Amino acid sequence: MSEEYEVRSGLLYTRDHEWLKVEGKHALMGITDYAQKSLHEIIYVELPNVNQRVNQGEPIGSVESVKATSDIFSPVSGKVVEVNDTLMNSPEAINESPYEEGWILRIEIAREPELENLMDPDEYRRYLDEMEEQKEE
(Lines give C-alpha, C1' and ligand atoms only; values in the text may rest on other atoms or scores of the structure.)
Protein backbone atom coordinates (compact mmCIF):
# COMPACT_ATOMS: atom_id res chain seq x y z
CA MET A 1 0.00 0.00 0.00
CA SER A 2 2.82 2.46 0.78
CA GLU A 3 3.53 2.70 -2.97
CA GLU A 4 0.72 5.30 -3.08
CA TYR A 5 2.90 7.57 -0.94
CA GLU A 6 6.33 8.88 -1.79
CA VAL A 7 8.92 7.73 0.75
CA ARG A 8 12.32 9.24 -0.04
CA SER A 9 15.60 7.50 0.55
CA GLY A 10 18.22 9.42 2.53
CA LEU A 11 15.64 10.63 5.06
CA LEU A 12 14.63 9.46 8.53
CA TYR A 13 10.98 9.23 9.58
CA THR A 14 8.85 9.42 12.73
CA ARG A 15 5.70 7.49 13.64
CA ASP A 16 3.93 10.87 13.54
CA HIS A 17 4.85 11.26 9.84
CA GLU A 18 7.62 13.84 10.00
CA TRP A 19 10.76 13.45 7.91
CA LEU A 20 14.28 14.51 8.81
CA LYS A 21 17.21 15.10 6.45
CA VAL A 22 20.41 15.10 8.50
CA GLU A 23 23.08 17.52 7.24
CA GLY A 24 25.98 17.32 9.71
CA LYS A 25 24.95 18.94 13.02
CA HIS A 26 21.77 20.33 11.44
CA ALA A 27 18.71 18.69 9.97
CA LEU A 28 15.93 19.84 7.69
CA MET A 29 12.45 18.61 8.64
CA GLY A 30 8.94 18.54 7.28
CA ILE A 31 5.87 16.35 7.11
CA THR A 32 5.70 13.32 4.85
CA ASP A 33 3.78 12.79 1.66
CA TYR A 34 1.48 10.46 3.62
CA ALA A 35 0.74 13.23 6.15
CA GLN A 36 0.02 15.93 3.57
CA LYS A 37 -2.26 13.59 1.58
CA SER A 38 -4.10 12.60 4.78
CA LEU A 39 -4.65 16.25 5.67
CA HIS A 40 -5.69 17.26 2.14
CA GLU A 41 -5.62 20.98 1.39
CA ILE A 42 -3.30 22.72 3.88
CA ILE A 43 -4.43 26.28 4.64
CA TYR A 44 -2.25 27.35 7.58
CA VAL A 45 1.04 26.40 9.26
CA GLU A 46 2.00 27.40 12.80
CA LEU A 47 5.79 27.51 13.02
CA PRO A 48 8.02 27.57 16.10
CA ASN A 49 10.28 30.54 16.81
CA VAL A 50 13.89 30.65 15.64
CA ASN A 51 16.24 29.86 18.56
CA GLN A 52 13.43 27.95 20.32
CA ARG A 53 14.69 24.83 22.13
CA VAL A 54 12.71 21.70 21.30
CA ASN A 55 12.61 18.15 22.64
CA GLN A 56 12.21 14.96 20.67
CA GLY A 57 8.56 13.95 20.37
CA GLU A 58 7.12 17.21 21.69
CA PRO A 59 4.74 19.41 19.66
CA ILE A 60 6.53 22.33 17.98
CA GLY A 61 3.81 23.69 15.70
CA SER A 62 0.77 22.64 13.74
CA VAL A 63 -0.61 22.22 10.26
CA GLU A 64 -4.22 23.19 9.58
CA SER A 65 -6.15 21.88 6.62
CA VAL A 66 -9.73 22.12 5.45
CA LYS A 67 -10.16 18.71 7.10
CA ALA A 68 -8.29 18.93 10.46
CA THR A 69 -5.51 20.48 12.51
CA SER A 70 -2.52 18.30 13.31
CA ASP A 71 0.40 18.90 15.61
CA ILE A 72 3.92 18.80 14.24
CA PHE A 73 6.30 16.94 16.56
CA SER A 74 10.04 17.46 16.77
CA PRO A 75 11.92 14.42 15.43
CA VAL A 76 14.96 15.29 17.59
CA SER A 77 15.92 17.56 20.47
CA GLY A 78 17.78 20.72 19.64
CA LYS A 79 17.39 24.34 18.65
CA VAL A 80 15.35 25.73 15.76
CA VAL A 81 17.82 27.64 13.57
CA GLU A 82 15.56 28.46 10.62
CA VAL A 83 11.89 28.24 9.67
CA ASN A 84 10.41 28.19 6.19
CA ASP A 85 8.77 31.65 6.14
CA THR A 86 7.35 30.91 2.68
CA LEU A 87 4.77 28.68 4.37
CA MET A 88 3.17 31.69 6.09
CA ASN A 89 1.88 32.98 2.73
CA SER A 90 1.95 29.70 0.79
CA PRO A 91 1.07 26.79 3.11
CA GLU A 92 0.00 24.79 0.05
CA ALA A 93 3.73 24.33 -0.70
CA ILE A 94 3.55 21.38 1.71
CA ASN A 95 0.90 19.72 -0.48
CA GLU A 96 2.75 20.52 -3.69
CA SER A 97 6.25 19.61 -2.54
CA PRO A 98 6.44 18.08 0.97
CA TYR A 99 10.12 17.10 0.63
CA GLU A 100 11.42 20.24 -1.07
CA GLU A 101 9.70 23.65 -1.07
CA GLY A 102 7.36 22.47 1.71
CA TRP A 103 10.08 21.88 4.33
CA ILE A 104 9.12 23.29 7.72
CA LEU A 105 12.28 24.04 9.68
CA ARG A 106 15.99 23.49 10.17
CA ILE A 107 17.11 22.28 13.57
CA GLU A 108 20.50 22.10 15.27
CA ILE A 109 20.66 18.55 16.64
CA ALA A 110 21.43 18.44 20.37
CA ARG A 111 21.56 14.66 20.90
CA GLU A 112 22.67 12.56 17.94
CA PRO A 113 21.80 9.21 19.62
CA GLU A 114 18.12 10.22 19.29
CA LEU A 115 18.43 9.62 15.54
CA GLU A 116 18.36 5.90 16.37
CA ASN A 117 14.72 6.34 17.48
CA LEU A 118 13.72 7.25 13.91
CA MET A 119 12.84 4.92 11.03
CA ASP A 120 14.77 4.48 7.81
CA PRO A 121 12.75 4.52 4.54
CA ASP A 122 12.18 0.73 4.52
CA GLU A 123 10.96 0.74 8.12
CA TYR A 124 8.67 3.68 7.38
CA ARG A 125 7.19 1.90 4.31
CA ARG A 126 6.46 -1.16 6.46
CA TYR A 127 4.90 1.11 9.09
CA LEU A 128 2.61 2.69 6.45
CA ASP A 129 1.65 -0.78 5.18
CA GLU A 130 0.75 -1.88 8.72
CA MET A 131 -1.34 1.28 9.21
CA GLU A 132 -3.22 0.65 5.95
CA GLU A 133 -3.85 -2.99 6.90
CA GLN A 134 -5.29 -1.90 10.26
CA LYS A 135 -7.61 0.58 8.49
CA GLU A 136 -8.95 -2.22 6.32
CA GLU A 137 -9.76 -4.49 9.28
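Source: prediction; values computed, not measured.

Peer 1: Any chance you could break down the side chain of Ser62 for me, citing the residues and the numbers?
Peer 2: Relative to the helices and strands, Ser62 resides in strand β6 (residues 59-65). When near neighbours in sequence (up to four residues on either side) are disregarded, Ser62 contacts Tyr44, Val45, Glu46, Thr69, Ser70, Asp71 and Ile72.

Peer 1: For the environment of Gly102, give the residues involved together with the corresponding values.
Peer 2: With respect to the secondary-structure elements, Gly102 resides in the loop between α3 (93-96) and β9 (105-109). Along the primary structure Gly102 and Tyr44 are separated by 58 residues, whereas in three dimensions their C-alpha atoms are 12 Å apart. Once residues within four sequence positions are removed from consideration, Gly102 is found in contact with Asn84, Leu87, Ala93, Ile94 and Ser97.

Peer 1: Tell me what's going on with unusual backbone geometry, and back it up with residues and numbers.
Peer 2: Despite not being glycine, His17 has its phi angle at roughly 75 degrees, a positive value. Positive phi, close to 70 degrees, is recorded for His40, a residue that is not glycine. With respect to the element layout, His40 can be found in the loop between α1 (33-39) and β4 (42-46).

Peer 1: Describe the sheet that holds β4, and please don't skip the residues or the numbers.
Peer 2: Consider a sheet: its strands pair through backbone hydrogen bonds, and that pairing is either parallel or antiparallel. Here three strands make up an open sheet; going across it, the order is β4-β6-β7 and the pairing antiparallel. For this open sheet the edge positions go to β4 and β7 (69-73), each flanked by a neighbour on one side alone. Mean inter-strand twist for the sheet, computed between neighbouring axes without regard to direction, equals 25 degrees. As defined by bridge partners, β6 adjoins β7 across five bridges and the pair is classed as antiparallel. In the strand pairing of β7, Val63 is matched with Ser70.

Peer 1: Break down the environment of Glu114 for me, citing the residues and quoting the values.
Peer 2: Topologically, Glu114 is positioned in the loop between β9 and α4 (121-136). Spatially, the C-alpha atoms of Glu114 and Lys37 are 27 Å apart, while their sequence positions differ by 77 residues. Excluding anything up to four places from it in sequence, Glu114 contacts Gln56, Val76 and Ser77.

Peer 1: Lay out a nonpolar patch on the surface in plain terms, naming residues and giving numbers.
Peer 2: A surface patch of nonpolar side chains, about 370 Å² in accessible area, is lined by Ile43, Tyr44, Val66 and Met88. Within the fold, Tyr44 resides in strand β4.

Peer 1: Can you break down the nonpolar core residue by residue, with the values?
Peer 2: If you look at the biggest cluster of nonpolar residues, it comprises 25 residues, and the most contacted ones within it are Leu20, Ile31, Ile104 and Leu105. Those residues within four positions of Ile104 in sequence are excluded, and the remaining contacts are Met29, Gly30, Ile31, Leu47, Ile72, Val83, Asn84, Leu87 and Ile94. With 14 residues, the next largest nonpolar core counts Val7, Tyr13, Leu28 and Met131 among its residues.

Rules and cut-offs
- Residues numbered from 1 in each chain as written.
- Predicted model: local features only at pLDDT ≥ 70, side-chain atom pairs only at ≥ 80, totals over all residues.
- Heavy atoms only, no water.
- Helix = DSSP H or I, 4+ residues; strand = E, 2+ residues; numbered from the N terminus.
- Contact = heavy atoms within 4.5 Å.
- Pairing = 2+ DSSP bridges.
- Axes fitted to C-alpha atoms, helices over the stretch in contact; angles between N-to-C directions.
- Patch = residues over 30% accessible without salt bridge, like charges linked within 9 Å, V, L, I, M, F, W, Y side chains within 5 Å.
- Areas by Shrake-Rupley, 256 points an atom, 1.4 Å probe, with all protein chains shown as cover.
- Salt bridge = Lys/Arg side-chain N within 4 Å of Asp/Glu carboxyl O.
- Core = buried A, V, L, I, M, F, W, Y, C linked by side-chain atoms within 4.5 Å.
- Buried < 20%, exposed > 50% of the residue type's maximum accessible area, 1.4 Å probe, protein only.

By themselves these figures say nothing about function.
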